[in-house]
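Survey of secondary and tertiary structure
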Amino acid sequence: MKKLILFSRKKYSAIKNVFTFLIIVFLTIAGKETVAQSQWLDHGKGNSASIEIYKPIIPVFESSFIAGVRPEYTTFSGVVFLSGRYEVSKYFTLTAEFPMVNGKWDDTVEIYNEGGFKVGNPYLGMEYYIPETPVMVDFGFRIPITPEGKIQASTYGSLADVDRVEAFVKDIVPFTASVNYRAVSDSKILFKARVGADLWFNTKQLGIYNQPLLNTLYTLQAGYIQKNVHFIFGLNGNYVMDSGTNDPEKQNYIEYGLLVTFPYKNIRPAFSIKVPNAELGDFLNYVLGLNFTYGFD
């Protein structure tokens, strides 16, 4: 029996190391697609507080794991982003966000327990709306406070939103800035476009990135904005500006999404679905999301 247990531990340890390597590869890919805040939150104008809840659905590699151990997450695993907006003036808004994750493998052989609850890196930012135009510029950064360990939780949090992978990466200090165009026509058709830059500092802590890492971000969205329902669909993209021995080719990563919001007075419940392109499809099938925003004076 002891030999069997030792064999199981050694095999589980080897599998764990392989899965950890896959996590690092995922962070190498998806970590290059980050922005300040979600592009799939219809928060409206003025002051507001929002909660976003995401459930990533990941592929299961059963053949690679010992009996009783499956790299899929428990029913109660999920990712939460709490955010707020404060309108200092008509043209200037402060933003903040606090991420959390509860992620644990749904296995019956708990030789290693590296899942559980974990807080992420808070975000602080600002937005400036150029007078008499539909153009807004934003700037922000994250405070690196997420603790070390609980790799299952960190991975699950990173899978929730490729726009915010850096929320659960330890020691990274990301700065983002972008120019946004958003307009709604008389026929209630929404068009939104964004282009920006994402700059990560202290990336040598991961051992896989150049220092610093620079990428170009972009968003294209369209929708129908009715009084009682908003339909928004489109894509987020990232063009990798840096390349090196670990990533010799510059890549372009895309995430497709659909958001449906139901505005009613001061509240905005909504649901979303996000699907990655082929490069991220090895790590993620899709992400289901629910969010709720409350606006106040």
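Note that this is a predicted model, so its numbers are computed, not measured.

1. Brief notes about the overall build of the chain
Looking only at helices and strands, the chain has 3 helices and 13 strands in total. Residue burial in the chain is summarised as follows: out of 297 residues, 46% are buried. Relative to all contacts within the chain whose residues are 6 or more apart in sequence, the contacts with residues 24 or more apart total 64%. Surface accessibility of the chain: about 14600 Å² in total, with carbon and sulfur atoms responsible for 64%.

2. Describing the pattern of salt bridges
Following the criterion strictly, the structure yields 9 salt bridges and no others. A salt bridge links Glu52 to Arg164; its shortest N-O distance comes to 2.9 Å. Pair noted here: Glu52 is in strand S1 (residues 47-57) and Arg164 is in the loop between helix H2 (151-160) and strand S7 (173-184), with a separation of 112 residues, a long-range link. The class for Arg164 is buried, based on a relative accessible area of 0%. With a shortest N-O distance of 3.6 Å, Lys274 and Asp161 are connected by a salt bridge.

3. Focus on H2
By the criterion of burial, H2 is predominantly enclosed, with 9 of the 10 residues buried. Looking at H2, one finds that the buried residues are Gln152, Ala153, Ser154, Thr155, Tyr156, Gly157, Ser158, Leu159 and Ala160.

4. Looking at the side chain of Asn291
For Asn291, the position within the fold is in strand S13 (residues 286-296). Excluding its chain neighbours within four sequence positions, the residues that come into contact with Asn291 are Trp40, Leu41, Ile51, Glu52, Leu259, Arg268, Pro269 and Ala270.

5. A word on the packing of aromatic side chains
Per the stated rule, a full pass over the model turns up 9 aromatic pairs. Taken together, the ring pairs in this structure connect Phe139, Phe141, Phe175 and Phe201 into an aromatic cluster. The ring of Phe81 has Arg164 sitting right over it, with the charged end atom 3.7 Å from the ring centre. For the cation-ring pair, Lys274 lies above Tyr54, with the distance from its terminal atom to the ring centre recorded as 4.0 Å.

6. Regarding the environment of Tyr239
Note on placement: Tyr239 falls in strand S10 (residues 230-240). In this structure Tyr239 comes out as partly exposed when scored by relative accessible area, which is 36%.

7. Thoughts on the nonpolar core
Within the largest apolar cluster, 16 residues are counted, with the highest numbers of intra-cluster contacts made by Tyr54, Val79, Phe81, Val101 and Phe168. Mapped by element, the contributors of at least two residues to this core are strand S2 (78-87) and H2. Here this core gets 4 residues from one element, more than from any other, and that element is H2. Contact partners of Val101, with chain neighbours within four places excluded, come to Gly78, Val79, Gly116, Phe117, Lys118, Ala153, Tyr156, Gly157 and Phe168. If you look at the next biggest cluster of nonpolar residues, it comprises 6 residues, including Trp40, Leu190, Ile225 and Ala270.

8. Describing the environment of Lys104
Mapped onto the secondary structure, Lys104 falls in the loop between strand S3 (92-103) and strand S4 (116-119). On the accessibility criterion, Lys104 (22% relative accessible area) is partly exposed. Sequence spacing of Lys104 and Thr75 is 29 residues, and the spatial spacing of their C-alpha atoms is 9.3 Å.

9. Some points on the pairing of strand S8 (residues 189-201)
Residues Leu190, Lys192, Arg194, Gly196, Asp198 and Trp200 point to one face of S8 and are all buried, whereas Ile189, Phe191, Ala193, Val195, Ala197, Leu199 and Phe201, pointing to the other face, are not buried. Two successive antiparallel strands, S7 and S8, enclose a turn made up of 4 residues, where Lys188 displays a positive phi of approximately 70°.

10. Structural notes on the confidence of the model for the chain
The pLDDT averaged across the chain works out to 81; a share of 75% of its residues lies at or above 70. Overall, residues 1-35 carries pLDDT values under 50, and its contacts beyond four positions in sequence, including any with other chains, amount to 78 contacts.

11. Description of unusual backbone geometry
The backbone of Glu132 sits at a positive phi, close to 65°, despite the residue not being glycine. The topology assignment puts Glu132 in the loop between strand S5 (123-129) and strand S6 (135-142).

12. With respect to the environment of Gly78
Among the secondary structure elements, Gly78 is positioned in strand S2. Exposure remark for Gly78: the relative accessible area of 15% places this residue in the buried category. In this structure the C-alpha to C-alpha distance between Gly78 and Val101, which are 23 residues apart in sequence, comes to 5.9 Å.

Conventions adopted
Residues numbered from 1 in each chain as written. Predicted model: local features only at pLDDT ≥ 70, side-chain atom pairs only at ≥ 80, totals over all residues. Heavy atoms only, no water. Helix = DSSP H or I, 4+ residues; strand = E, 2+ residues; numbered from the N terminus. Buried < 20%, exposed > 50% of the residue type's maximum accessible area, 1.4 Å probe, protein only. Contact = heavy atoms within 4.5 Å. Areas by Shrake-Rupley, 256 points an atom, 1.4 Å probe, with all protein chains shown as cover. Salt bridge = Lys/Arg side-chain N within 4 Å of Asp/Glu carboxyl O. Phe/Tyr/Trp six-rings, centres within 6.5 Å; stacked < 30°, edge-to-face > 60°. Lys NZ or Arg CZ within 6 Å of the ring centre and 35° of its normal. Core = buried A, V, L, I, M, F, W, Y, C linked by side-chain atoms within 4.5 Å. Pairing = 2+ DSSP bridges. pLDDT = per-residue confidence, 0-100.

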